[in-house]
2 protein chains.
Amino acid sequence: MPQLNRQFLLAKRPVGAATRDTFSYVEKPVGEPGPNQILVENLYLSLDPAMRGWMNDAKSYIPPVGLGEVMRALGVGKVIASNHPDYAVGDHVNGALGVQDYFVGEPRGFYKVDPSRAPLPLYLSALGMTGMTAYFALLDVGAPKAGETVVLSGAAGAVGSIAGQIAKIKGCRVVGIAGGADKCRFLIDELGFDAAIDYKNEDVVAGLKRECPKGVDVYFDNVGGDILDAVLSRLAPRARIVICGAISQYNNKEAVKGPANYLSLLVNRARMEGFVVMDHAANFASAAQEMGGWMAAGKLKSKEDIVEGLETFPETLGKLFSGENFGKLVLKVK
Amino acid sequence: MPQLNRQFLLAKRPVGAATRDTFSYVEKPVGEPGPNQILVENLYLSLDPAMRGWMNDAKSYIPPVGLGEVMRALGVGKVIASNHPDYAVGDHVNGALGVQDYFVGEPRGFYKVDPSRAPLPLYLSALGMTGMTAYFALLDVGAPKAGETVVLSGAAGAVGSIAGQIAKIKGCRVVGIAGGADKCRFLIDELGFDAAIDYKNEDVVAGLKRECPKGVDVYFDNVGGDILDAVLSRLAPRARIVICGAISQYNNKEAVKGPANYLSLLVNRARMEGFVVMDHAANFASAAQEMGGWMAAGKLKSKEDIVEGLETFPETLGKLFSGENFGKLVLKVK
């Protein structure tokens, strides 16, 4: 049995960005699993923009992390002790393992994954919540039709890069907005996007005029802020905007910047709609199967940005908000 | 034949509110109808918030009014000369007659109305574009179900007062937001709303908490601005926001105030969608028939705020933006 469990607890509710001070780092003895509980050795943790929202004491789609609790994180790990009839030692599981070396507790919402079928980090990206988010947000809310123009922000990020590839599979013209020449080149050369707009080095409205001459039919928004306003100014009639995230606004110390161009919705009879992936849980299995098929056929690529060491958690999480991550950000625990 | 045609021409594109200076008042000889044209004596003109948008040189759902052109307005009038096979002298028509005593031209988009079936101003309110806007924006975009809570801003205005009554007919709990005790009393006592929130004399968020304990399922927005943000903070899951107008923002000299609380759409998987009434033209006839039936049954009341005198046009139009109008604002030409 392991002896030591390193944990990051939520120490205070951050104002602005979460930093090392936001958490308290503790080392505790590993707990024993009680009835119906399992003990999991955490292997990979998923770092997601949504984690910033979980730190706020605000009404949302999920309760906030309590002060003094282990910071919530999805992850994959290996069962090393089990008192639960559905899980055996040696099983690999996906669930809310928390930012720690070991999870002990009831496996609520957990499911098994098979490391012989795909590398474990993939179960946090294309084959995990990231992929499910991309799949259902794009197809159910955005509902793109072949030939339509789909624009994505955060296009080189975890969700955006997958959603854009799905839009290509569906026959759309796909334009990604990302920061920096490397990311833009990656979108076109590696992922097969039709075009990319580098928001760090060009005017986004000008880029949209150039790359979306017929306007934007579907906008998949991960960032909010000025980029959302830019796209609102270039909507096609009956456009659909998927509000999947707003990473530019999550660390705001003051009020969120609302989209000043929202009346473009009126003029264009367009729609802006929010999305929460858990609403689609009943259909995850079939979606994952379809995604796996696309990956096997070489139509869908998943890029993970893996950082090693649980101890780097606060700084690694910060990469999401500075735009430094490239693909799905994963923390390798050891 | 009449001799004199008083006209208000758009003289300049206003910055902020339209005032008398925005228009040039001219008196011209009445024109003769050419081939396929008709001459109409204008009787009542519809004054609408949308007119402010038509004065801007901006891409919209309809071209702007050109400088030096007669200001666009819908209205009802009487045909006094006709070279068009479908229209005879004595017919009453509804169409874009313009802010003038007489319309001469082809009756594009015109249709006949019957003054023996309803007073003429009603063809500009419940039985005209106002009623069609209320009907289709509420039922097609808002799609309220019986038992749901429907909130409307500008609730004592032309569109809001009708949309709220339709929501009552559909079995919803209906809460109107309006300015002043008189309007709020009118909503409850005369129109049968369940509750009213007086935004001039109480905190709108507090009012929404009190009157919408289960949250807001459908929000019919005519005003934008702070009231839109207040309602966003009180959405029920899967709420639908109909963006029908944003009168608080039309006279802005600076950027529109975007809804800072728009991420409530994400958390609540809610939708915000724009609406343009002309998209539903194919179904106007059946909607007007249903509306007429409700009026005959005493379930739907139409209130017109009729001001006399074409010469008062600029100041009368201003009543819409100061919140002074009470019901559908109509200008009686003479």
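What comes next is a walk through the structure. Being a predicted model, the structure only gives us computed values, none of them experimental. (Residues numbered from 1 in each chain as written. Chains lettered and ligands numbered in written order. Predicted model: local features only at pLDDT ≥ 70, side-chain atom pairs only at ≥ 80, totals over all residues. Heavy atoms only, no water.)

Any space left empty among the atoms is revealed by the rolling of a water-sized probe across them. Residues and elements named next belong to chain B. Across all of its chains, the model carries one cavity of 30 Å³ or more by this definition. Empty space within the largest cavity amounts to approximately 30 Å³. Together, Gly53, Trp54, Asn56, Ala58, Ser60, Ile62, Pro63 and Pro64 line the largest cavity. Split by residue class, the lining of the largest cavity holds five nonpolar, three polar and no charged. (1 Å grid on protein atoms, 1.4 Å probe; cavity = no way out; pocket = protein on both sides within 12 Å on 5 of 7 lines; lining within 4 Å. Points joined across faces, edges and corners; volume = space filled by probe spheres on them. Nonpolar A, V, L, I, M, F, W, Y, C, P; charged D, E, K, R; others polar.)

Okay, the packing of helix α2 (residues 129-142) of chain B against helix α8 (residues 284-296) of chain B next. Between two packed helices, both the angle of their axes relative to each other and the distance between the axes serve to describe the pair. Residues and elements named next belong to chain B. Between α2 and α8, whose axes approach to 10 Å, the crossing angle comes to 95°. Considered as vectors, α2 and α8 are oriented roughly perpendicular to each other. Of α8, the residues touching α2 (which contributes Met129, Gly131, Met132, Tyr135 and Phe136) are Phe284, Ala287, Ala288, Glu290, Met291 and Trp294. For the contact of α2 with α8, the residue count by class is nine nonpolar, one polar and one charged. (Axes fitted to C-alpha atoms, helices over the stretch in contact; angles between N-to-C directions. Helix = DSSP H or I, 4+ residues; strand = E, 2+ residues; numbered from the N terminus. Parallel < 35°, antiparallel > 145°, perpendicular 65-115°, else oblique. Contact = heavy atoms within 4.5 Å.)

To continue, consider the pattern of salt bridges. Residues and elements named next belong to chain A. Applying the stated rule across the entire model yields 40 salt bridges over all chains. One salt bridge connects Glu311 with Arg6, and the closest N-O pair in it is separated by 3.0 Å. Taken together, the positions of Glu311 in the loop between β14 (304-308) and α9 (313-322) and Arg6 in strand β1 (residues 4-10) put the pair 305 residues apart, joining distant regions of the chain. On the basis of relative accessible area, Glu311 is assigned to the partly exposed category, the value being 40%. Measuring nitrogen to oxygen at the nearest pair gives 3.0 Å for the salt bridge that ties Lys168 to Asp194. Taken together, the positions of Lys168 in helix α3 (residues 158-169) and Asp194 in the loop between α4 (181-189) and β10 (195-198) put the pair 26 residues apart, joining distant regions of the chain. Counted as one network, the salt bridges with shared partners bring together Arg173, Glu202, Arg210 and Glu211. (Salt bridge = Lys/Arg side-chain N within 4 Å of Asp/Glu carboxyl O. Buried < 20%, exposed > 50% of the residue type's maximum accessible area, 1.4 Å probe, protein only.)

This part covers the packing of helix α5 (residues 204-211) of chain B against helix α6 (residues 225-232) of chain B. Residue and element names in this part refer to chain B. Direction vectors running N to C along α5 and α6 enclose 40°, while the axes themselves pass 9 Å from each other. The angle between α5 and α6 falls in the class oblique. Where α5 crosses over α6, the two elements pack in a sense that is right-handed. Within the contact between the two elements, α5 uses Val204, Val205 and Leu208 and α6 uses Ile227, Ala230 and Val231. Classifying every residue of the contact of α5 with α6 gives six nonpolar, no polar and no charged. (Left-handed = near helix turned anticlockwise from the far one by under 90°.)

Laying chain B over chain A is done by rotating through 180° and shifting 0.0 Å along the axis; what remains is an RMSD of 0.0 Å. One copy is carried onto the other by what is essentially a two-fold rotation axis. Residue Gly258(B), judged by its C-alpha, is the member of chain B lying nearest the rotation axis, at 2.1 Å. (Least-squares fit on C-alpha atoms with pLDDT ≥ 70 in both.)

Attention now moves to the sheet that holds strand β13 (residues 271-274) of chain B. Ordered in space as β10(A)-β9(A)-β8(A)-β11(A)-β12(A)-β13(A)-β13(B)-β12(B)-β11(B)-β8(B)-β9(B)-β10(B), the 12 strands form an open sheet in which the pairing is mixed. Every other strand in the sheet has two partners, leaving β10 of chain A together with β10 (195-198) of chain B as the edge strands with one partner each. Neighbour-to-neighbour, the strand axes of this sheet turn through a mean angle of 15°, independent of strand direction. In this fold α3(A) packs onto β8 (149-153), β9 (173-178) and β11 (216-221) of chain A, with an angle of close to 170° to the strand it touches most, β8(A). Docked against the sheet, α4(A) engages β9 and β10 of chain A, running at close to 170° with respect to β10(A). (Pairing = 2+ DSSP bridges.)

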